[in-house]
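Letter by letter, the chains look like this.
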Amino acid sequence: MEKKQVVYDIMEVCLLAGKIMLQSGAETYRVEDTMERIARAFGVREAHCYVTPTGIIFSIESTEPTKTKLVRITERTTDLQKVAMVNSVSRQITNKKISLDSAFIALKEIEQSSVTYSTKLQVLAAAIASGCFLIMFNGSWIDFLPAVITGGVGLTSVMYFHRVVPIKFISEFIGSIIIGMLSNFFIYLGLGVELDKIIIGSVMPLVPGLLLTNAVRDLMAGHLVSGISKGAEALLTSFAIGSGIAVVLSFL
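Residues numbered from 1 in each chain as written. Predicted model: local features only at pLDDT ≥ 70, side-chain atom pairs only at ≥ 80, totals over all residues. Heavy atoms only, no water.

What follows deals with the pairing of strand E2 (residues 55-61). Most of E2 sits out of view: 5 of its 7 residues are buried. Note that strand E1 (residues 46-52) and E2 share 7 bridges and pair antiparallel. The residue of E2 that forms the bridge with Glu-46 is Glu-61. Between E1 and E2, which follow one another and run antiparallel, lie 2 residues. Examined bridge by bridge, E2 and strand E3 (residues 69-72) share 4 bridges and lie antiparallel to one another. Paired with Phe-58 across the bridge in E3 is Lys-69. (Buried < 20%, exposed > 50% of the residue type's maximum accessible area, 1.4 Å probe, protein only. Helix = DSSP H or I, 4+ residues; strand = E, 2+ residues; numbered from the N terminus. Pairing = 2+ DSSP bridges.)

Here you go:
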């Protein structure tokens, strides 16, 4: 019975590590590899792991019957700091520098920690990035400030509406409408020159770059289900942004 409990504890550690990584934006193959490495480091003969963007199925083969466990993933974000922290714990486990109980405690602390940047800092970074993207796309320095303001307001609106209606497509659609309207407002006041460059620079912080990258990497690694689903999610985000801007431009 005690040996069986140890197997379950190993499963809990592996699932917790995989859950944190998947919720933080890690690639599917990286999650599977990390979970299997942790299991082998604790002496597991053979572990089977199947990861999709919305769930993890994990089982361990041992001398006694072992139940397969499933973890459902509902919220996903981009937090590469947590991914790095889980990788650090995984390396400690592989090098036999940390026990099973200590690893579980460390992973729980990572899960409960809030290492993301503050909302104000994220908005500020998005605003500055919007202006820089405008210049990168051969925009005029006259449009730099309108792009900065529009990009910051756009990300703020996306964050706000996502809290009100927790549907990513709707929040991004409304946010892109606000970006289009505000960009046109700056042109109307004479504070901007090129409407297209302001809009392009302002929507860039909303573009799912990491999601597209992970989709391609998963497809290249042979994880077709995860790659296609992540690609579809990125496509929906792009469609939401494009639709919002199109709605504004259609009324001009």
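Now for the packing of helix H3 (residues 80-94) against helix H4 (residues 100-112). For any two helices packed against each other, one specifies the inter-axial angle together with the distance between the axes. Put simply, H3 and H4 touch, their axes get as near as 10 Å, and they point 175° apart. Of the possible angle classes, the one that applies to H3 and H4 is roughly antiparallel. In this structure, H3 uses Lys-82, Met-85, Val-86, Val-89 and Ile-93 to contact H4, whose residues at the interface are Ala-103, Ala-106, Leu-107, Ile-110 and Glu-111. Along the lines of polarity and charge, the residues of the contact of H3 with H4 split into 8 nonpolar, no polar and 2 charged. (Axes fitted to C-alpha atoms, helices over the stretch in contact; angles between N-to-C directions. Parallel < 35°, antiparallel > 145°, perpendicular 65-115°, else oblique. Contact = heavy atoms within 4.5 Å. Nonpolar A, V, L, I, M, F, W, Y, C, P; charged D, E, K, R; others polar.)

As a further point, take the environment of Leu-195. Summarising the element assignment, Leu-195 is placed in helix H8 (residues 195-203). Residues Leu-195 and Lys-120, 75 residues apart in the sequence, show an inter-C-alpha distance of 26 Å. Ignoring sequence-local partners within four residues, the contact set of Leu-195 consists of Ser-183, Asn-184, Ile-187, Leu-249 and Leu-252.

Here we come to the nonpolar core. Among the nonpolar cores identified, the biggest contains 37 residues, and Met-35, Ile-56, Phe-58, Ile-60, Ile-93 and Leu-107 are the most heavily contacted of them. For this core, the secondary structure elements donating two or more residues are helix H1 (2-23), helix H2 (28-41), E1, E2, H3 and H4. At 12 residues, the largest contribution of residues to this core is made by H1. Contact partners of Ile-93, with chain neighbours within four places excluded, come to Val-13, Ile-38, Ala-41, Phe-42, Ile-98 and Ala-103. Core analysis: the second largest hydrophobic core is formed by 12 residues, Ala-126, Met-159, Val-203 and Ile-241 among them. (Core = buried A, V, L, I, M, F, W, Y, C linked by side-chain atoms within 4.5 Å.)

All right, on to a nonpolar patch on the surface then. On the surface, Ile-167, Phe-169, Ile-170, Leu-236 and Phe-239 cluster together into a nonpolar patch covering about 450 Å² of accessible area. Only helix H7 (168-189) and helix H10 (224-250) provide two or more residues apiece to the nonpolar patch. The residue Phe-169 is located in helix H7 in this model. (Patch = residues over 30% accessible without salt bridge, like charges linked within 9 Å, V, L, I, M, F, W, Y side chains within 5 Å. Areas by Shrake-Rupley, 256 points an atom, 1.4 Å probe, with all protein chains shown as cover. Salt bridge = Lys/Arg side-chain N within 4 Å of Asp/Glu carboxyl O.)

The next subject is the pattern of salt bridges. Scanning the model with the defined rule gives 10 salt bridges in all. Close ionic contact of Asp-33 with Arg-37 constitutes a salt bridge, the shortest N to O distance being 2.7 Å. Linking Asp-33 with Arg-37, this pair stays in helix H2, spanning 4 residues, or about one helical turn. The exposure class assigned to Arg-37 is partly exposed, which follows from its relative accessible area of 42%. The structure contains a network of salt bridges with shared partners spanning Lys-19, Lys-108 and Glu-111.

In short, shape yes, function no, at least from these values alone.
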